[in-house]
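# Examining the three-dimensional arrangement
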Amino acid sequence: MSKPAPLRWGLLGAARISASALIPALHSNFSRIVAVGCRDAQRGAAFAARHHIAQVESYEGLIARGDIDAVYIALPNHAHLPWTLAALAAGKHVLCEKPLALDAADAQEMIAAAEAAGVRLMEAFMYRLHPSWVAVCELVQSGRIGHLMAVQSWFSYFNDDPTNIRNVLAVGGGALYDIGCYSVNLSRLLFGSEPVRVQAAITRDPGNGVDVLTSGILEFAGGGVATFTASTRAEDDQRVHVYGTEGRISIGIPFNIPPDRPTEVILAKGGDPPVSPHLEVMRFEAADPYAVEAERFAAAILDGLPTPVPPSDAVANLRVIERLFEAAASG
């Protein structure tokens, strides 16, 4: 039986994430990059030459190409809606950077457009499909830590550059949209439901208005609670701890998972905690999370399988984010 032709990608946006993560991920047995779309033709040509991409197009030109099957949207948050809709209308499958949109209504509009065009749409939360997170979900769902009680997560980096898009309110900048969305996503993933109540505290930059320190509490049916903090003005760090009635799980590098080194998940269960708990260290061979995500998305399209993460999940995530913003505003 012949192997299906690889999925032909167009990369919309010549951002840093495109160079560092997406280009290696989209060159595989399942995928190849046909063209990159860039607003600045000279910059686009230099980017393409550095990364061995044959064609450079405008955004419109890339979407119109007949030799592209799928488009990766690697643009600032406010541009996700118009360019996702344009790509879907042109019959392209779309893998779009998180958050899929700036609000749930826009994300729902994208889903309707994908369904009307008969193509796939997925939000690019690359961590979810990595083997380490698949294992974490299996540990929780199988009851290895008993009944899930609490999830604690932290995600931070330092960026006070006023020209950086993450510090521009009008384009969807701020900690919650950029990194807090991961904590919301993983909490919903692990509890397998939507929070029944949310609380939030937000500190904003007095100059540009973006949230730079956001903490949230998500309460789930049955008494489970997820707490998180996301900050764009703190020391770089990221951690997730998952607590059950009979054990706990720690994920050391949960989000920006290194593509070139093994990763670990630690299960603590029994022993003599906290002095001498029994620890089971689960080690996973190096796996590029972006490549895993791209391969799963491509395989779903090429083999007619379900989309790995349905786009309805993006709508649900954005609804929680909206509720967090509202909770913080209401005090």
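Keep in mind it's a predicted model, so treat the numbers as computed, not measured.

### Digging into the pattern of salt bridges
Here the structure, examined in full by the defined rule, presents 16 salt bridges. Arg-128 is the partner of Asp-313 in a salt bridge, and the nearest nitrogen-oxygen pair spans 3.1 Å. Within this pair, whereas Asp-313 is found in helix α9 (residues 312-330), its partner Arg-128 is found in the loop between β6 (121-124) and α6 (131-141), the two being separated by 185 residues in sequence. Arg-239 is paired through a salt bridge with Asp-237; the nearest N and O atoms lie 3.3 Å apart. Relative accessible area serves as the criterion here: at 31%, Asp-237 is assigned to the partly exposed category. Shared partners join several salt bridges into a network, and the residues in it are Arg-128, Arg-188, Glu-194 and Asp-313.

### As for the packing of aromatic side chains
Between two aromatic rings, the relevant description is the distance of the centres plus the angle of the planes. Here the structure, examined in full by the defined rule, presents 13 aromatic pairs. Between the aromatic rings of Phe-125 and Tyr-182, the centroid separation amounts to 5.2 Å while the plane-to-plane angle is 80°, which identifies the pairing as edge-to-face. You can see Phe-125 sitting in the loop between β6 and α6 and its partner Tyr-182 sitting in helix α7 (residues 175-191), a full 57 residues away along the chain. One aromatic cluster in this structure is built from Phe-125, Tyr-127, Trp-133, Phe-155, Tyr-182 and Phe-255.

### Considering the pairing of strand β2 (residues 31-37)
The buried fraction of β2 amounts to six of the seven residues, a majority that puts the element mostly inside the structure. As defined by bridge partners, strand β1 (residues 7-12) adjoins β2 across six bridges and the pair is classed as parallel. When the bridges of β2 are listed, Arg-8 appears paired with Arg-32. Pairing of β2 with strand β3 (residues 55-57), which is carried by three bridges, proceeds in the parallel orientation. Across the sheet, residue Ala-35 finds its bridge partner in β3, namely Gln-55.

### Comments concerning the sheet that holds β3
Strand order in this open sheet of six strands is β3-β2-β1-β4-β5-β6, and the pairing throughout is parallel. Only two strands of the sheet have a single neighbouring strand rather than two, namely β3 and β6. Here the strands of the sheet are splayed against their neighbours by 25° on average, with no regard to which way each runs. Sheet topology note: the strand β4 (residues 70-73)/strand β5 (residues 93-97) ladder contains four bridges and is parallel. Bridge assignment links Ala-70 to a residue of β5, and that residue is His-93. Lying over the sheet, helix α4 (residues 80-89) contacts β1, β4, β5 and β6, oriented at roughly 165° with respect to β5.

### Remarks on the side chain of Ser-250
Looking at the element boundaries, Ser-250 is found in strand β12 (residues 248-251). Ser-250 gets classed as buried once you look at its relative accessible area, which sits at 15%. Among the polar contacts made by the side chain of Ser-250, one reaches the side chain of His-241 at a distance of 3.0 Å. Other than its neighbours up to four places away in sequence, Ser-250 contacts Val-240, His-241, Glu-264, Val-265 and Ile-266.

### Focus: the sheet that holds strand β8 (residues 197-204)
Strand order in the open sheet formed by eight strands is β8-β9-β10-β7-β11-β12-β13-β14, and the pairing between neighbours is mixed. Lying at the two open borders of the sheet, with one neighbouring strand each, are β8 and β14 (276-284). When strand polarity is set aside, the average angle formed by the axes of neighbouring strands in this sheet is 15°. Bridge count for β8 against strand β9 (residues 211-219) is eight bridges, and the pairing is antiparallel. Its bridge partner being in β9, Thr-203 is matched across the sheet by Leu-213. The sheet contacts of α7 involve β7 (148-158), β9, β10 (225-231) and β11 (233-244), and relative to β7 the element is tilted by about 160°.

### A word on the packing of α4 against helix α5 (residues 104-117)
In contact at an axis separation of 9 Å, α4 and α5 are set at 5° when each is read in the N-to-C sense. The angle between the axes of α4 and α5 places the two elements in the roughly parallel class. For the pair α4 and α5, contact is made by His-80, Leu-81, Thr-84, Leu-85 and Leu-88 and by Asp-106, Glu-109, Met-110, Ala-113, Ala-114 and Ala-117, respectively. Its residues placed into classes, the contact of α4 with α5 shows seven nonpolar, two polar and two charged.

### Describing unusual backbone geometry
Looking along the chain, the bond that leaves Lys-98 and enters Pro-99 is cis, with omega of -15°. With respect to the helices, strands and loops of the structure, Pro-99 is situated in the loop between β5 and α5. The step from Pro-273 to Pro-274 runs through a cis peptide bond, and the omega angle for that step is 0°. Relative to the elements of secondary structure, Pro-274 occurs in the loop between β13 (263-272) and β14. Backbone geometry places His-52, a non-glycine residue, at a positive phi of 60°. Looking at where His-52 falls in the secondary structure, it is placed in the loop between α2 (41-50) and β3.

What counts and what doesn't
- Residues numbered from 1 in each chain as written.
- Predicted model: local features only at pLDDT ≥ 70, side-chain atom pairs only at ≥ 80, totals over all residues.
- Heavy atoms only, no water.
- Salt bridge = Lys/Arg side-chain N within 4 Å of Asp/Glu carboxyl O.
- Helix = DSSP H or I, 4+ residues; strand = E, 2+ residues; numbered from the N terminus.
- Buried < 20%, exposed > 50% of the residue type's maximum accessible area, 1.4 Å probe, protein only.
- Phe/Tyr/Trp six-rings, centres within 6.5 Å; stacked < 30°, edge-to-face > 60°.
- Pairing = 2+ DSSP bridges.
- Axes fitted to C-alpha atoms, helices over the stretch in contact; angles between N-to-C directions.
- Contact = heavy atoms within 4.5 Å.
- Polar contact = N/O pair within 3.5 Å; in protein donor to acceptor, adjacent residues only side chain to side chain.
- Parallel < 35°, antiparallel > 145°, perpendicular 65-115°, else oblique.
- Nonpolar A, V, L, I, M, F, W, Y, C, P; charged D, E, K, R; others polar.

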